[in-house]
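# Commentary on secondary and tertiary structure
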Amino acid sequence: MPSLDKPPVVTTTVKWRFPAIHRESYKFIAIVAVVGAIALFFTPLYIWPLIVWPFLLLALAIASFFRDPIRMTPQGEGLVVAPADGLITMIERVPLPPQLRGPDALGEGALVRISIFMSVFDVHINRAAVSGVVRHVSYVPGKFLNADLDKASEENERNYIVFEQPDGLRVGITQIAGLVARRIVPFVKPGDRVTAGERIGLIRFGSRVDVFVPEGHAPRVALGQRTIAGETVLSTRGEGAVTGIAQ
C-alpha cells in the first residue's frame, strides 16, 4: 500500500478561521437582501423584527451552505482523495455508464464505484480526486430523485468528469443532482490542468458524487464513514483485500 510520502499541502498558517463563502452565494444573498428591504419598506416599523430575523436567518443559511473551508490534501503516489464531503453510502463494482466508456474516458467493463451522499448541511464544493488533466466532461440533464437511491446515477441530472494523471491512469467522477439540488455548477473543462484537492465545481442544496476507482486500486473507506473533500483518502494503488463490495 502506498504511503503518504510527502506532507499535506499547507495553504495557510492560520490554525482556524471562519470559513470563507464561495462567490456563487453572492447573488442568492443579494436576492434575500433586496426582497427583505422591499418587505421592510412596506411594513410598519413595529413589525420590523418579525421581518428582519427570518431574512437574516435565511441569508446565514445560504452563506453556510456555500461555505468554502481551507483543506490540506495528502500528497503521495497512487492516492485518490474524496471529491466531496458527505457519507459513504455505496461501495460496489458496477458497469461503467455510457458517458464514461470509450478510449476518451475510462475504457470498457466495470469498476468499483464509491458513492458519497451530501446532505444540505455538508460543504458542497467538489474537489479534484487526483492531479492531472481533465480529459472528458459530459453533462446529462435528468430528473431530481433522492440522490441516495441507486437509480439516481442513471436518471438524475448529472455531470461526468474524467481526470488523467501524468502516468496515464484515469479516474472518473459523477456529480449527481438530488431531490433538493437543482443545479450542477462545473468549474473545469476539458484540457484544464488540476491538482488533487483543487475546486472543480459544486452542486446546490444536497446531492451525491460517485467516484470510479481505477483497476489496481483498493478502497480505503467503509460504508457509513464520513469523508472530507480534498483530505480523506478514498483508495490507494496496490494489493489489499476489500470487504463489503457488491458485485
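For the structure itself, look to the data block above.
Residues numbered from 1 in each chain as written. Predicted model: local features only at pLDDT ≥ 70, side-chain atom pairs only at ≥ 80, totals over all residues. Heavy atoms only, no water.

A word on helix 2 (residues 48-65). For helix 2, with 18 residues, the first-to-last C-alpha span of 26 Å sits near the 26 Å given by 1.5 Å per residue. All of the buried residues in helix 2 are Ile51, Ala59, Ile62, Ala63 and Phe65. Summarising the axial view, the buried residues of helix 2 lie within an arc of 165°, below the 170-degree limit, and thus occupy one face. In this structure, helix 2 carries Leu50, Trp53, Leu57 and Leu60 as exposed residues pointing more than 90 degrees from its buried face. Its buried side turned inward, helix 2 meets strand 1 (20-21), helix 1 (26-41), strand 2 (67-68) and strand 12 (199-203). (Helix = DSSP H or I, 4+ residues; strand = E, 2+ residues; numbered from the N terminus. Expected span 1.5 Å × (residues − 1). Buried < 20%, exposed > 50% of the residue type's maximum accessible area, 1.4 Å probe, protein only. Arc of directions from axis to C-beta. Contact = heavy atoms within 4.5 Å.)

Right, let's get into the pattern of salt bridges. Taken as a whole and judged by the stated rule, the model has 12 salt bridges. When the shortest N-O distance is used, the salt bridge between arginine 199 and aspartate 68 registers 2.8 Å. Taken together, the residues span a long stretch of sequence, with arginine 199 in strand 12 and aspartate 68 in strand 2 at a distance of 131 residues. The class of arginine 199 is partly exposed, set by a relative accessible area of 33%. For aspartate 68, a relative accessible area of 10% corresponds to the buried category. The shortest N-O distance in the salt bridge between aspartate 167 and arginine 237 comes to 2.9 Å. Pair noted here: aspartate 167 is in the loop between strand 8 (158-164) and strand 9 (170-177) and arginine 237 is in strand 16 (residues 233-237), with a separation of 70 residues, a long-range link. (Salt bridge = Lys/Arg side-chain N within 4 Å of Asp/Glu carboxyl O.)

Let us look at the side chain of arginine 127. With respect to the helices and strands, arginine 127 occurs in strand 6 (residues 125-127). Relative accessible area serves as the criterion here: at 5%, arginine 127 is assigned to the buried category. At 2.9 Å, the side chain of arginine 127 forms a polar contact with the backbone oxygen of glycine 197. When near neighbours in sequence (up to four residues on either side) are disregarded, arginine 127 contacts Asp68, Pro69, Arg71, Pro83, Gly197, Glu198, Arg199, Ile200, Ala229 and Gly230. (Polar contact = N/O pair within 3.5 Å; in protein donor to acceptor, adjacent residues only side chain to side chain.)

The sheet built from three strands is open, its strands ordered 6-12-10 with antiparallel pairing. Bordering the open sheet on either side are strand 6 and strand 10 (184-186), each of which pairs with just one other strand. Taken over all neighbouring pairs, the strand axes of this sheet differ in orientation by 25° on average, direction set aside. Across three bridges, the pairing between strand 10 and strand 12 is antiparallel. Counted as the bridge partner of proline 186 is glycine 201 from strand 12. (Pairing = 2+ DSSP bridges. Axes fitted to C-alpha atoms, helices over the stretch in contact; angles between N-to-C directions.)

What follows deals with the environment of phenylalanine 187. Checked against the element boundaries, phenylalanine 187 lands in the loop between strand 10 and strand 11 (193-194). Through-space distance from the C-alpha of phenylalanine 187 to that of arginine 199 is 7.4 Å; in sequence the pair is 12 residues apart.

The subject of this paragraph is the nonpolar core. Core analysis: the biggest nonpolar cluster contains 28 residues, and Ile88, Ile114, Ile161, Phe163, Ile173, Ile200 and Leu234 have the highest contact counts within it. Counting residues per element, this core draws most heavily on strand 5 (residues 110-118), at four residues. Leave out the neighbours within four places in its chain, and isoleucine 88 touches Ile114, Ser115, Ile116, Val221, Ala222, Leu223, Gly224, Gln225, Thr227 and Leu234. Core analysis: the next-biggest nonpolar cluster, separate from the first, contains 10 residues, Leu100, Ala105, Leu106 and Val140 among them. (Core = buried A, V, L, I, M, F, W, Y, C linked by side-chain atoms within 4.5 Å.)

What follows concerns the side chain of threonine 174. Counting through the fold element by element, threonine 174 comes out in strand 9. Given the relative accessible area of 2%, threonine 174 is considered buried.

Nonpolar side chains collect at one region of the surface, where Leu45, Trp48, Val52, Trp53, Leu56, Leu57 and Leu60 lie side by side and expose about 720 Å² of accessible area between them. With respect to the secondary-structure elements, valine 52 resides in helix 2. Residue valine 52 is classed as partly exposed on the basis of its relative accessible area, which comes to 34%. (Patch = residues over 30% accessible without salt bridge, like charges linked within 9 Å, V, L, I, M, F, W, Y side chains within 5 Å. Areas by Shrake-Rupley, 256 points an atom, 1.4 Å probe, with all protein chains shown as cover.)

Helix 2 packs onto helix 1 with a crossing angle of 175° between their chain directions and a minimal axis gap of 9 Å. By the criterion of interaxial angle, the relationship of helix 1 to helix 2 is roughly antiparallel. For the pair helix 1 and helix 2, contact is made by Phe28, Ile29, Val32, Val35, Gly36, Ala39 and Leu40 and by Trp48, Ile51, Val52, Phe55, Leu58, Ala59, Ile62 and Ala63, respectively. The residue inventory of the contact of helix 1 with helix 2, partitioned by class, reads 14 nonpolar, one polar and no charged. (Parallel < 35°, antiparallel > 145°, perpendicular 65-115°, else oblique. Nonpolar A, V, L, I, M, F, W, Y, C, P; charged D, E, K, R; others polar.)

Strand order in the open sheet formed by eight strands is 11-7-8-9-13-5-4-15, with antiparallel pairing between adjacent strands. The strands lining the two open edges of the sheet, one partner per strand, are strand 11 and strand 15 (226-227). Of the pairings in the sheet, the one linking strand 8 to strand 9 comprises seven bridges and is antiparallel in character. Note on strand 9: the bridge partner recorded for glutamate 164 is arginine 170.

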